[in-house]
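Structure assessment
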Amino acid sequence: MNEQPFQSEYDVVIVGARVAGAATALRLAHGGLRVLVFDKGRYGADTLSTHALMRPAVQLLDRWGVLPAVEEAGTPPVRKTTFWYSDGDETEVASIDIKPRHGVDALYAPRRTVLDRALVDAARGAGADVRFGVRLDEVIRDDFGRVSGVVVRDRNGVRAIRASLVIGADGRHSRTAALVGAAKYVSGKYATATAYGYFRDLPVDGYRWYFRPGMGSGALPTNADETLVFASVSRDASSSPSAVRAAFVESVVASAPDVGAALEGATLSGRMWFFPGMPGFLRQPWGSGWALVGDAGYMSDPITAHGITNALRDAELLSRVVLEGRPLGAYQLARDHYSEAFFEVSDRMASYEWDIPTVQQYHRIMSREMNREETMIANAVPRLGSMPRGSLDMSAA
């Protein structure tokens, strides 16, 4: 896919071509900018993920014209979310139907092999130059210290590329963030360790979330008639992959007995996945000639399964600021406005130092915050075909 040579200069270079990077490339390329987005990995490769798309994420995919590709890949629509709250003696079940709102009548939990491809294909279709197998070596700075490009490396060697804006979308261990010196100004105290796998012959009716003091689990329908089943515990309880994997079935049975019982007749597809946990953070997301989006700039604990939704939302917020020629500080203000309360709740949930009434209150706060995101998207994000084209204002970068 990388047959054509790089151009020597682009309006925007984006490091990382997964959810956040590909979505940002789509928006900026559709807005008329010359965009290069590259990734060190392979096109369509799988990756660790929380999978579940919340309504704001589905709204954005719909408005960007990407949702049909997700549906056509056989991603099952989710029209019910059920929460199981157990203290060991009693269990309370809360089932919520996904009612049509803001043009969305279902949720989805696509495999990343589906979602990432759909976004990359849409970005390429919008005119972005998309490359894989390309690594970031260094950022280029001008005589005033402003970031003005990147040095990249692929199988053909090393190349310097100039850009008016460099965007890091290269994950929680972002090399871009390290090179530009982006500091964390909010850090979480807690983290969860999670194991998950994809199972055949284990159907579920929508999203299922299970909470019990000290542990949590869930089951989500995904592509190929498989169900993602996960279990998580406090990272302090055990951070080793072997220990968490060994406790996977035990945790599922204890917190989600109906899913635990079904595991006996189900077949694991592929391997088990493991995330050892990492405290969340908010990094400074912009500076002179650069910006960060997705987990590179903001990561919350996966216990709230909001990571993809955050990434898509922030891709929209950053792209809009760039295309409208506003100062990049406006992006930070908007991102933090929709992130701070959710980040705090995610961190408190990751502590597992809660009882059932407390975690139910956390979920009410999460619902309120998602409603704010939904309203913002409904009021401010038109469909891609009706979005005005923009131009990069050098003063904004």
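Refer to the preceding data block for the structure.
Report on the accompanying structure. Quantities reported herein were computed from a predicted structural model and do not represent experimental measurements.

Here we look at the packing of helix α9 (residues 307-323) against helix α10 (residues 329-337)
Interhelical geometry of α9 versus α10 gives an angle of 155 degrees and a closest axis separation of 9 Å. Taken as axis vectors, α9 and α10 run roughly antiparallel relative to one another. Seen along the crossing, α9 lies across α10 with a hand that is right-handed. Taking contact as the criterion, the partners of R313, D314, L317, L318 and V321 in α9 are, on α10, A330, Y331, A334 and R335. Residue classes in the contact of α9 with α10 are distributed as six nonpolar, no polar and three charged.

Section: the pattern of salt bridges
Pairing is possible between side chains that carry opposite charge, provided their charged atoms lie close to one another. Tallied over the entire structure, the rule returns 24 salt bridges. Between D116 and R18 there is a salt bridge, with its nearest N and O atoms 2.6 Å apart. Remark: R18 occurs in the loop between β1 (9-15) and α1 (19-30) and D116 occurs in helix α4 (residues 112-125); sequence separation between them is 98 residues. Taken together, the salt bridges that share partners define one network made up of D46, R111, R200 and E226.

Looking at the sheet that holds strand β13 (residues 226-234)
As summarised here, the arrangement of the seven strands in space is β4-β3-β11-β12-β13-β10-β14, forming an open sheet in which the pairing is mixed. The sheet is open, and its two borders are formed by β4 (91-97) and β14 (267-275), each paired with just one other strand. Neighbour-to-neighbour, the strand axes of the sheet open up by a mean angle of 15 degrees, direction not taken into account. Across five bridges, the pairing between strand β11 (residues 207-212) and strand β12 (residues 215-222) is antiparallel.

Description of the nonpolar core
In terms of nonpolar packing, the biggest core is built from 88 residues, with W64, L119, W209 and L312 touching the most fellow members. Broken down by element, the residue count for this core peaks at nine residues, all from α9. Not counting residues within four places of it along the chain, the set of residues in contact with L119 comprises V19, A22, A23, L61, W64, V66 and L312. Counting residues in each nonpolar core, the second largest holds 21 residues, with F6, Y10, V15 and V166 among its members.

Examining the environment of V151
Tracing the sequence through the fold places V151 in strand β7 (residues 147-154). Taking C-alpha positions, V151 is 19 Å from A128, a pair spaced 23 residues apart along the chain. Leaving out residues up to four positions away in the same chain, V151 has contacts with R135, L136, D137, E138, I140, V158, R159 and A160.

Some thoughts on the packing of aromatic side chains
Scanning the model with the defined rule gives twelve aromatic pairs in all. The interplanar angle of 5 degrees and the centroid separation of 6.1 Å between the aromatic rings of F83 and Y85 together place this pair among those described as stacked. With centroids separated by 6.0 Å and ring planes inclined at 5 degrees, the aromatic side chains of Y196 and W273 adopt a geometry described as stacked. Here the residue Y196 occupies a position in strand β10 (residues 192-200), and W273 occupies one in strand β14, the gap between them amounting to 77 residues. Considered together, Y196 and W273 belong to a single accessibility category, that of buried residues. Through a chain of ring-to-ring contacts, three or more aromatic side chains come together here, namely F83, Y85, F211, Y352 and W354. In this structure, R111 is placed above the aromatic ring of Y198, and the distance from its NZ or CZ to the ring centre is 3.5 Å. Note that R271 overlies the ring of W273, its terminal NZ or CZ placed 3.8 Å from the centroid.

Cut-off values and rules
- Residues numbered from 1 in each chain as written.
- Predicted model: local features only at pLDDT ≥ 70, side-chain atom pairs only at ≥ 80, totals over all residues.
- Heavy atoms only, no water.
- Axes fitted to C-alpha atoms, helices over the stretch in contact; angles between N-to-C directions.
- Helix = DSSP H or I, 4+ residues; strand = E, 2+ residues; numbered from the N terminus.
- Parallel < 35°, antiparallel > 145°, perpendicular 65-115°, else oblique.
- Left-handed = near helix turned anticlockwise from the far one by under 90°.
- Contact = heavy atoms within 4.5 Å.
- Nonpolar A, V, L, I, M, F, W, Y, C, P; charged D, E, K, R; others polar.
- Salt bridge = Lys/Arg side-chain N within 4 Å of Asp/Glu carboxyl O.
- Pairing = 2+ DSSP bridges.
- Core = buried A, V, L, I, M, F, W, Y, C linked by side-chain atoms within 4.5 Å.
- Buried < 20%, exposed > 50% of the residue type's maximum accessible area, 1.4 Å probe, protein only.
- Phe/Tyr/Trp six-rings, centres within 6.5 Å; stacked < 30°, edge-to-face > 60°.
- Lys NZ or Arg CZ within 6 Å of the ring centre and 35° of its normal.

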